[in-house]
Amino acid sequence: MDRHLSLSQAARLIGVKRKDVQKKIQENKLKVMEGTVVLSDLKRAFPDALYEDNTMLEKMEKNMRDAVHKMAQSEREGSHIDALSRRLLKLNKELADERNRASQMEELLDSMKQKFLSIKLSTDEDNPFNEIKDWFNESLISLDDEINISPLQQMEEQIKQFMQPHIRLLPSRHNYISDKSETLLESALRSGLAVDYGCNNGKCGKCKAKLISGQVEKTAHQDYIFSSSEKSQGYILTCSNTAISDITLETEEAVSADDIPLQTLSAKIKNSQRLGDHIIKLALKLPRSQRLRFMAGQHLELNLNNHTREDGSTINAEYSIASCPCEPHNLEFHIPVQENEPFSEIILNHLKKDEPVTLTGPSGSFVLDEDSPNSLIFVAWDTGFAPVRSLIEHAISLDLAENIHLYWITTKVENHYLDNLCRSWNDALDNFSYTPVLSEPKTDIVATTLIQHLHDEHSHLLNFDLYIAAPGHLNQHLKPLLISHGIKSQNLYFESTFHGDEIFD
Ligand code: FES
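Keep in mind it's a predicted model, so treat the numbers as computed, not measured.

Draft legend 1. Inspection of the sheet that holds strand S19 (residues 464–469) at higher detail. In spatial order, the strands read S18-S17-S16-S19-S20; together these five strands make up an open sheet with parallel pairing. Strand pairing shows two members of the sheet lacking a second neighbour, strand S18 (432–438) and strand S20 (492–495), which therefore form its edges. With direction set aside, neighbouring strand axes in the sheet form an average angle of 15°. Running over the sheet, helix H13 (residues 419–428) touches strand S17 (404–410) and S18 and is turned about 145° from S18.

Draft legend 2. Quick peek at the confidence of the model for the protein chain. Residues at a pLDDT of 70 or more form 79% of the protein chain, whose mean pLDDT is 83. Contacts of residues 51–56 to residues separated by more than four positions or lying in other chains number seven contacts, the stretch itself having pLDDT below 50. pLDDT under 50 marks residues 74–80. Its contacts with residues more than four places away, or in other chains, come to six contacts.

Draft legend 3. Representation of the environment of Ala447 in the model. Here Ala447 is to be found in helix H14 (residues 443–457). Sequence spacing of Ala447 and Leu478 is 31 residues, and the spatial spacing of their C-alpha atoms is 6.0 Å. With near-sequence residues (within four places) excluded, Ala447 lies in contact with Leu474, His477, Leu478 and Leu481.

Draft legend 4. Quick peek at H14. For H14, with 15 residues, the first-to-last C-alpha span of 21 Å sits near the 21 Å given by 1.5 Å per residue. The complete set of buried residues in H14 reads Val446, Ala447, Leu450 and Leu454. Seen from one end, H14 has its buried residues packed into an arc of 95°, which puts them on one side. Facing away from the buried side of H14, by more than 90 degrees, are the exposed residues Asp444, Ile445, Gln452 and Asp456.

Draft legend 5. Fine view of the packing of H14 against helix H15 (residues 472–484). For the pair H14 and H15, the least separation of the axes is 10 Å and the interaxial angle reads 45°. As summarised for this structure, H14 and H15 are arranged oblique, according to the angle between their axes. Along this stretch, H14 crosses H15, giving a crossing that reads as right-handed. Contact with H14, carried on its side by Thr443, Val446, Ala447 and Ile451, involves His473, Leu474, His477, Leu478 and Leu481 of H15 and no other residues of that element. Among the residues making up the contact of H14 with H15, the classes are represented as six nonpolar, three polar and no charged.

Calculation notes
- Residues numbered from 1 in each chain as written.
- Predicted model: local features only at pLDDT ≥ 70, side-chain atom pairs only at ≥ 80, totals over all residues.
- Pairing = 2+ DSSP bridges.
- Helix = DSSP H or I, 4+ residues; strand = E, 2+ residues; numbered from the N terminus.
- Axes fitted to C-alpha atoms, helices over the stretch in contact; angles between N-to-C directions.
- Contact = placed C-beta atoms within 7 Å.
- pLDDT = per-residue confidence, 0-100.
- Expected span 1.5 Å × (residues − 1).
- Buried ≥ 20, exposed ≤ 12 C-beta atoms within 10 Å, placed from the backbone.
- Arc of directions from axis to C-beta.
- Parallel < 35°, antiparallel > 145°, perpendicular 65-115°, else oblique.
- Left-handed = near helix turned anticlockwise from the far one by under 90°.
- Nonpolar A, V, L, I, M, F, W, Y, C, P; charged D, E, K, R; others polar.

Shown next, in the form of structure tokens:
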């Protein structure tokens with residue numbers, strides 16, 4: 001059984017950077033198929049990493065082989081699920097034993113350390129016992145560093161990932177990992193995929209998908225009746241089945257904003273938090289039974305049901321969703337604090353936890369072209385960071401791009417109101433770069449500053465898609481400049497329907 005891995009999974013597995021895996025591909029030393037590499041090819045391309053340094057991988061492969069062997073054996077007996085459970089139980093026991101041994105060794109080392117400390121040493125520098133004590137202390141420090149890495153935890157995580165069914169969707173070629181405790185639909189939504197669905201309880205048939213390979217198990221009753229043709233083609237409902245092996249499904253996914261239906265949902269205020277002088281982070285939650293279907297980068301109309309204007313109309317406004325579609329119950333918005341603007345005034349001074357908010361939408365077409373093979377550059381002006389954050393989290397969660405670079409332009413340092421989040425992406429992901437940019441709020445100065453950065457940091461822009469969330473007049477100014485610097489017009493995506501113009505002179 002050979003495992004297909006995304007480039008990031010492959011890099012993590014053997015402890016190298018993603019760009020090292022990409023280098024092997026460019027050198028034709030590693031084959032890539034539809035964005036994935038095969039484990040056995042990876043082994044051949046990185047023999048040292050696998051055989052000398054990564055005994056964990058060998059262990060894991062052995063565990064996989066054992067598990068697969070056991071599964072095959074049990075399938076003959078007609079009870080592969082039980083066999084898998086037994087195997088997982090055994091693996092867990094092995095991990096527990098390893099932990100036990102590690103903790104006994106730690107105790108032994110600790111008592112040795114105490115023993116050394118209690119021995120009175122001679123002040124004679126030439127005493128060899130002094131040298132042994134120093135060596136022992138240094139060894140303990142480096143051992144502590146290694147223990148912090150927690151190889152056992154890594155092994156546990158890797159085994160878990162490998163033992164969970166991998167789902168492949170066609171024709172999109174999206175991959176996700178399913179949890180046995182979830183339906184196929186729930187896992188897909190948690191992974192941020194825009195798959196089609198309706199009732200979520202086996203009635204409407206909107207979530208149906210064709211099972212191309214692998215095995216599923218029904219987890220809930222379904223009323224929907226398949227036609228005899230659907231039955232013979234192997235259709236299933238993703239809302240009432242879970243995967244019990246790696247599977248491939250053929251199913252519809254939203255590829256553009258037009259594929260997402262207009263929805264009206266009732267949410268509640270979860271909390272609001274000031275992020276610097278001019279921004280409030282507003283968090284809303286939906287009941288567990290409801291999910292908002294949206295694509296990263298879209299916006300929503302928020303109606304504050306308990307607050308009205310003098311003419312009796314409900315106070316409402318439209319804002320970009322700042323969270324990832326993989327969190328369909330929890331939505332985040334970045335609300336600029338504006339004088340004489342009733343929406344932000346109420347959020348700031350009068351809103352209470354659990355107050356109702358009616359959501360209408362989503363709208364907007366500032367969404368990722370997931371079929372594009374290009375790397376991604378995001379440019380956010382001020383609170384244009386909200387839709388850009390949603391796009392970045394979506395791109396990261398689906399491992400959509402080889403490289404991602406974010407430029408966040410503001411007028412003051414403190415206006416990078418989620419600077420730490422961007423720096424944490426920069427530190428944690430080897431294919432992510434973050435450049436905070438300061439500029440005067442003048443259209444030509446912002447444009448010149450951005451072009452200079454792109455020119456200095458990217459030798460050419462041919463293989464990039466640029467997503468820019470900035471005021472309309474800045475976008476209009478930027479477009480011809482970017483095209484004259486080598487980017488194709490079809491690779492430019494603009495968002496300008498958000499609050500941000502007022503900062504400009
Ligand atoms: S979502 Fe309605 S049947 Fe699955």
